Structures are given as C-alpha cells and as structure tokens.
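Descriptive structure summary
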Amino acid sequence: MTIQFSNDMAEVTATRHYLHENPEIGLSEFNTSDYVAEKLLALGYEVTRGLAKTGIVATLRHGTSTRSVGIRADFDALPILEETGAPYASKTPGVMHACGHDGHTAMLLGAAKIIAERRNFDGVLHLIFQPAEENFGGAKLMMDDGLFDKFPCDAVFALHNDPGVPFGQFALREGPIMAAVDECKITVDGRGGHGAEPQDTLDPIVCGASIIMALQTIISRNIHPIDPSVITVGAFHAGMASNVIPERAEMVLSIRSFDPKVRDQLENRIRTIAEGQAASYGMGVTIDYQRGYNATINHKAETDFLRDLATRFAGADKVFDMARPTMGSEDFAYMLEERPGSYFFLGTARTDNDPPLHHPRFDFNDDILPIGTTFWVELAEKWLEAK
Ligand SMILES: [Zn+2]
Ligand SMILES: [Zn+2]
C-alpha cells in the first residue's frame, strides 16, 4: 500500500489522543460528534448526522457499482476516574475512554482519509460512527433512525481492540462471538428492627443471602451443561450497623447467554427462586428484569472474507478462529441481525498482564493504529473491488 505512512499515522495518533483527552458518555458525545463530522467533511464525504442523536454516517461513492459496505466504529466513553497518568489523560474527571473506542474512531478516521485520497474502489462506502455502545444500545438507536434504510449496506464489519490477545493478532469467529446480556434488580422487602431482637423482625439480609446461594443452582442444575451462560450477583446492598436489622436488601445481577430459549429459562428460574425463597421466609420481593443486548452472531460468508483478507494482510500466524465465544456483550449484535457481516477482535497486548478493558489504567495501545487503519482501507477496497 503506497501511503504517506508516517504522516498519516502521526495524524491518527494525534486524533486518538485528542479523543482520549475529551471523552463523553453515550448519547452526549456532542463535541466528539462535531470533531468527527468536521474531519469527514474536510475529506469530501457526504456526512449525515443525528442518527441516535450524535451518530454519524459518512458516505463516499466512486465508480458505477452499487455494491456497498458499512464499517462501524463506536465513540462513547465510560464513567470511570482515569488513573493512566498519560499526558493526554481525560480532562473530564470521572469520564474516560477505558474501552478503546477512542482508538476505534481514530483508526476509522485514518482509513477514511486514505480511502478518500486513493479512490481505489468501485461502489458505495458507508462509515458508521456510533454513539452509546456502552449503555443505551446506540447501534439499535441508529437503526431505529433508519440507518440501513437510508444507507443500505451489503455487509457490515466492526472490530474491538483486545489487550488480552497477542499484539497484531486477528481473533475471528463464525457464529456466536459475544453473549446476550440482561440485568436484574431484586429487592427483598423485610421488616427492620433491633439487632438484638431478630424474632420481632423479618431479616432481609438472611433472605437475600439464601436467594444468592439458591441462584447458584440455576446454571449448575437447570441449564444444559453445553449451553454457556452466566449469572453474576455483582452487588448486594443491605444494612449499615451491626445492631440494626434493615428494612430491605437489594441485589443486582448480570445474566449472560446465547440461546434465546436459555435466556427465557434463566429469567424464569431467577424469578421463581427469588419469589420462592422470599415466600419461605415470609417476605416479598420486587423484581426488575431488563433485557439488554442480544447475542452477537457472525455470518459465515463475511467471516470467511475477513479470514482470507486478514491472512493475506497479516500472515496466517496472525489470524485465528476463537475456540469459544466470549461472555461479554456488544450492540453490534443488532446490526448483524439486519445485515450480514462479521465482528472481530484485534490483539493489542503490550505485556502478559495489561490492564483490561474498563480498567482505570487501561490505555489503548497506539502501536496498533497503523495496523487497524490500513486493515480497514484494505477491507473497503477489497469488498468494493472494481470487477
Ligand atoms: Zn466497553
Ligand atoms: Zn468497547
């Protein structure tokens, strides 16, 4: 590829650092959206704004073919207090690019520039800059605002950086790659009182503890051993003092699965166990069960295309098919329900023990910027190759 490599990469790195310094939470990425849109307009793209509030689609047409492809980058940050100590650390305390979406956006902008300069394709390219991957399902919101009606894509692709995968490796997977996620809040309604007189109370802590232990039997005793699923009680709040029995206990669960039938089964069992355990203690529960993102399922033909391309791009030793999906979740799932496509991980490990995604010391590995950027250029040009 004949590109002004060092010049282009200095700009991509500067973009990444600017985005990192100026993080914004999902659906309020107003400055980020302005910044990205201005760059794309300057490169000659048709820029459509306002899908899912801050989302952007940048379109470039060349030649006569109606073939089209969409490449997506997310650009929202997380509510985390940064501890990287980087010179370009977040200027907004408590908001941080701790998932590397700054890097995803910088790479796609870098590719946008090279693709526009080269114009080495025949067809329609849609670059999708998406808000709110972390919280509100920006992918789905963009689709609700007509993403694929207004910008038909023959296929869609996206990547995520992964500090747990060796540097420069492409981790692909046909079929399920990420899990569906649901969240459940269970509130046990007891009757508070003096810690010395438990007989006059209904202790929600004891009941809550029983519910948590009983929940452990769902995966081990109810779900088929071959169906991957997780129930994590991530929070349990009750009480303030040793001599006070509180009025209520609250727990918050994260539930992961792949098969929609298993997903229903998990919800039913959680409800039955929470209600049944509470009833056995003479207490009631309130259950607020929220369905989150669906499972991310890659399509075969597009994953094959990705594997071929990555193998030619990086070498066979840098490309592998994941033996198992991950239990994390991703709203690109919704795009893959409407359009064929594939989502993959790009390894960015610096050491054997990098801070993971969502960690206050996580910092996107800039060394991957040239690889991710040029790979998107290759993908766009190959998918839209002149026939
Ligand atoms: Zn994340
Ligand atoms: Zn992410």
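It should be emphasised that the depicted structure is a prediction, and the values quoted were computed from it without experimental measurement. (Residues numbered from 1 in each chain as written. Chains lettered and ligands numbered in written order. Predicted model: local features only at pLDDT ≥ 70, side-chain atom pairs only at ≥ 80, totals over all residues. Heavy atoms only, no water.)

Things to note about the nonpolar core
The tendency in soluble globular proteins is for nonpolar side chains to be buried side by side. By size, the foremost hydrophobic cluster in this structure holds 51 residues, and its most contacted members are Tyr 45, Phe 129, Trp 376 and Leu 379. For this core, the element with the most residues is helix H3 (residues 101-118), which contributes nine residues. The residues touching Trp 376, leaving out its near neighbours within four places in the chain, are Ile 71, Met 107, Leu 108, Ala 111, Ile 115, Phe 157, Ala 158, Leu 159 and Phe 344. (Core = buried A, V, L, I, M, F, W, Y, C linked by side-chain atoms within 4.5 Å. Buried < 20%, exposed > 50% of the residue type's maximum accessible area, 1.4 Å probe, protein only. Helix = DSSP H or I, 4+ residues; strand = E, 2+ residues; numbered from the N terminus. Contact = heavy atoms within 4.5 Å.)

Focus on the coordination of the zinc ion (ligand 2)
The coordination sphere of the zinc ion (ligand 2), as far as protein atoms go, consists of Cys 99 (SG), His 101 (NE2) and His 160 (NE2), spread over 2.0 to 2.3 Å. All donor residues of the zinc ion (ligand 2) come from one chain, and their arrangement in sequence is C-x1-H-x58-H. Separation of the zinc ion (ligand 2) from the zinc ion (ligand 1) amounts to 3.1 Å, with Cys 99 serving as a shared donor to the pair. Here His 160 lies in strand E5 (residues 156-162) and Cys 99 lies in the loop between strand E3 (68-74) and H3, a separation of 61 residues in the sequence. (Donors = N, O, S within 2.8 Å, 3.2 Å for Na, K, Ca; no water.)

Examining the coordination of the zinc ion (ligand 1)
Within the protein, the atoms that donate to the zinc ion (ligand 1) are Cys 99 (SG), Glu 134 (OE), Glu 134 (OE) and His 358 (NE2), at distances of 2.0 to 2.7 Å. The sequence pattern formed by the donor residues of the zinc ion (ligand 1) is C-x34-E-x223-H. Of the residues examined, His 358 reaches a relative accessible area of 37% and is grouped as partly exposed.

Side note on the sheet that holds strand E6 (residues 170-172)
Strand order across the open sheet formed by eight strands is E1-E2-E4-E3-E5-E16-E6-E15, with mixed pairing between neighbours. Two strands in the sheet have a free side with no partner beyond their single neighbour: strand E1 (46-51) and strand E15 (319-321). Here the average twist between neighbouring strands, direction ignored, is 25 degrees. Relative to strand E4 (residues 123-130), E3 is paired through seven bridges, and the arrangement is parallel. Note that in E4 the partner of Val 69 across the bridge is Leu 125. Relative to the sheet, helix H10 (residues 369-383) contacts E3, E4, E5, E6 and strand E16 (341-347), its axis offset from that of E3 by approximately 160 degrees. (Pairing = 2+ DSSP bridges. Axes fitted to C-alpha atoms, helices over the stretch in contact; angles between N-to-C directions.)

Observations regarding the packing of helix H2 (residues 30-42) against H3
The geometry of H2 relative to H3 is characterised by a closest axis approach of 10 Å and an angle of 15 degrees between their N-to-C directions. Taken together, H2 and H3 sit at an angle that is classed as roughly parallel. Crossing hand, H2 versus H3: right-handed. Residues Val 36, Lys 39 and Leu 40 of H2 touch H3, and the partners they reach there are Thr 105, Leu 109 and Ala 112. Residue classes in the contact of H2 with H3 are distributed as four nonpolar, one polar and one charged. (Parallel < 35°, antiparallel > 145°, perpendicular 65-115°, else oblique. Left-handed = near helix turned anticlockwise from the far one by under 90°. Nonpolar A, V, L, I, M, F, W, Y, C, P; charged D, E, K, R; others polar.)

Here we look at the domain arrangement of the protein
For the protein, the assigned domains read domain 1 (6-178 + 295-383) and domain 2 (180-291). Relative placement of domain 1 and domain 2: their C-alpha centres are 37 Å apart. Listed as interface residues are eight residues of domain 1 and, on the opposing side, eight residues of domain 2. Summed over both sides, the interface of domain 1 with domain 2 buries roughly 590 Å², with 72% coming from carbon and sulfur. When the area that domain 1 buries against domain 2 is broken down by residue, the three leading residues are Ala 295, Met 327 and Ser 329, summing to 79%. At the boundary of domain 1 with domain 2, the tally comes to zero salt bridges. Where domain 1 meets domain 2, there are two residue pairs in polar contact (both at pLDDT 80 or more). Each residue belonging to the side of domain 1 that touches domain 2 can be placed in one class, and the counts come to five nonpolar, three polar and no charged. (Domains from an automatic or database assignment. Buried area = accessible area lost by both parts, 1.4 Å probe. Salt bridge = Lys/Arg side-chain N within 4 Å of Asp/Glu carboxyl O. Polar contact = N/O pair within 3.5 Å; in protein donor to acceptor, adjacent residues only side chain to side chain.)

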